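Results of the structural survey
Each chain, written out:
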Amino acid sequence: MNDNLSNADIVKCENLVYKRSPVMTDNVMHYCPGCGHGTAHQIIAEVIEEMDIQAETIGITPVGCAVLMYNYLDIDMQEAAHGRAPALATAVKRLMPEKYVFTYQGDGDLAAIGTAETIHACNRGENIAIFFINNGIYGMTGGQMAPTTLPNMRSSTSPYGRDVEMMGNPLRITELVAQLPGTYYVTRQAVHTPTYVRKTKKAVRRAFENQKLKKGLSLVEIVSNCNSGWKMSPVQANKWMVDNMFPFYPPGDIKLEGKMLSKD
Amino acid sequence: MAKFKGSIVVDKEKCKGCEVCVVACPTNVIGLSREVNGKGFHIAFMENPDACTGCANCAIVCPDGVITVYKKERLSSEKKIKEQK
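Residues numbered from 1 in each chain as written. Chains lettered and ligands numbered in written order. Predicted model: local features only at pLDDT ≥ 70, side-chain atom pairs only at ≥ 80, totals over all residues. Heavy atoms only, no water.

1. So, the interface of chain A and chain B
Tallying the contact residues gives 36 residues for chain A and 36 residues for chain B. A buried area of about 3100 Å², summed over both sides, lies between chain A and chain B, and 61% of it is on carbon and sulfur atoms. Applying the counting criterion to the chain A and chain B interface returns zero salt bridges. Among the secondary structure elements, those contributing two or more residues to the side of chain A that touches chain B are α1 (7-10), β1 (16-18), α2 (36-51), α8 (194-212) and α10 (234-248) of chain A. Tallied by class, the residues present in the side of chain A that touches chain B amount to 17 nonpolar, twelve polar and seven charged. Here β1 of chain A pairs with strand β4 (residues 67-73) of chain B via two bridges, running antiparallel. Counterpart to Leu16 of chain A in the pairing with β4 of chain B is Tyr70 of chain B. (Contact = heavy atoms within 4.5 Å. Buried area = accessible area lost by both parts, 1.4 Å probe. Salt bridge = Lys/Arg side-chain N within 4 Å of Asp/Glu carboxyl O. Helix = DSSP H or I, 4+ residues; strand = E, 2+ residues; numbered from the N terminus. Nonpolar A, V, L, I, M, F, W, Y, C, P; charged D, E, K, R; others polar. Pairing = 2+ DSSP bridges.)

2. Quick word on the environment of Gly161 of chain A
Residues and elements named next belong to chain A. Relative to the helices and strands, Gly161 resides in the loop between β7 (144-145) and α6 (164-167). Residues Gly161 and Met145, spaced 16 residues apart in sequence, show a C-alpha to C-alpha distance of 9.5 Å. Beyond its immediate sequence surroundings of up to four residues, Gly161 is in contact with Asn152, Met153, Arg154 and Met167.

3. Describing the sheet that holds strand β4 (residues 100-106) of chain A
Within a sheet, adjacent strands bond to each other through the backbone by hydrogen bonds, running parallel or antiparallel. Residue and element names in this part refer to chain A. One open sheet accounts for eight strands, arranged β3-β2-β4-β5-β9-β8-β10-β11; its pairing is mixed. Strand pairing shows two members of the sheet lacking a second neighbour, β3 (76-79) and β11 (259-260), which therefore form its edges. Looking at chain direction, strand β5 (residues 129-134) and strand β9 (residues 217-223) are connected through six bridges and run parallel. Counterpart to Ile130 in the pairing with β9 is Leu219.

4. Here's the deal with the environment of His41 of chain A
Residues and elements named next belong to chain A. Checked against the element boundaries, His41 lands in helix α2. Between the C-alpha atoms of His41 and Met140, which are 99 residues apart in sequence, the distance is 17 Å. In this structure, His41 is in contact with Met24, Met29, Tyr31, Ala66, Met69, Tyr72, Leu73 and Tyr104, ignoring residues within four places of it in sequence.

5. Brief notes about the pattern of salt bridges
Scanning all chains against the criterion turns up 14 salt bridges over all chains. Across the pair Lys201 of chain A and Glu46 of chain A runs a salt bridge whose closest N-O atoms are separated by 3.0 Å. Taken as a pair, Lys201 of chain A in helix α8 and Glu46 of chain A in helix α2 lie far apart in primary sequence, 155 residues in all. Where Asp11 of chain B meets Lys14 of chain B, a salt bridge forms, and the shortest distance between an N and an O atom there is 3.9 Å. Here Asp11 of chain B falls in the partly exposed class, since its relative accessible area comes to 31%. Residue classification places Lys14 of chain B among the buried residues on the basis of a relative accessible area of 16%. Shared partners join several salt bridges into a network, and the residues in it are Glu46, Glu50, Lys201, Arg205 and Glu209 of chain A. (Buried < 20%, exposed > 50% of the residue type's maximum accessible area, 1.4 Å probe, protein only.)

Here it is, written out as structure tokens:
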């Protein structure tokens, strides 16, 4: 084997393997270093690019860290009131049924203030895709306890850990909506390693494909980190997520093609 | 030795030095530099460029999408002679 390849030989456009999707804008993201939001944005951008639906996609941004998502994705976007993204997405989809509509929500948005909208949109089986980023905390406002905070997990409003007796149990909203007849595809993925990024990309692609076929609602939960809120470094936060979040929020498909998968 | 040799280009001003790519690299190519960019982050760079295979694992996990990946086939000496002819 000959090893005379210099860097200049390799860095040429004909040897390109991967570059940032053109659906992403050139703006620098405001997210903290290592935040899963950036990876999730890029997965959505790549799927939009691959399906060539940039002009037909409408995104609904939530209230939370991802509220500024419209700065980073070069598609039409609309801001919803806190938690009301599924209701707004329903309206957009019904007025423009040929468009691809997705909402991108965090756990404080989808599982707390927007529970009613989420459950009813899922029950009606609207032809939209919901991308749900679950990091177990209210990241934007300073790491307060969310409905998805794990038992004994520290947050700024539960500094001694979430006491289940006093503060109640965490909510597995993904399993909850999977029970409803309107949902067609419900899955839980993550974005901390290349393997999971590839799996999540497949799930996002499937969510958009289902919309094309008018099958019903697809919900993709992405278990993510919030290293600032958890007071950890990005790498530590990913490890903590695997050790603590995954036992409670196990990744994998929950409902496929309208049928619940058994837990074997 | 791997059949392909890869190389990455990091957008220095956008990199936030989160180290997610450092952990994701299967051949331990990437490290964080000593010097910092305009925002004060230590940026990712190829510490061990010969081991890069161009698998793009670092780029797909990069939350800020700052890594561009290139790869080229290594020519064996026989092939190279053939090409020269």
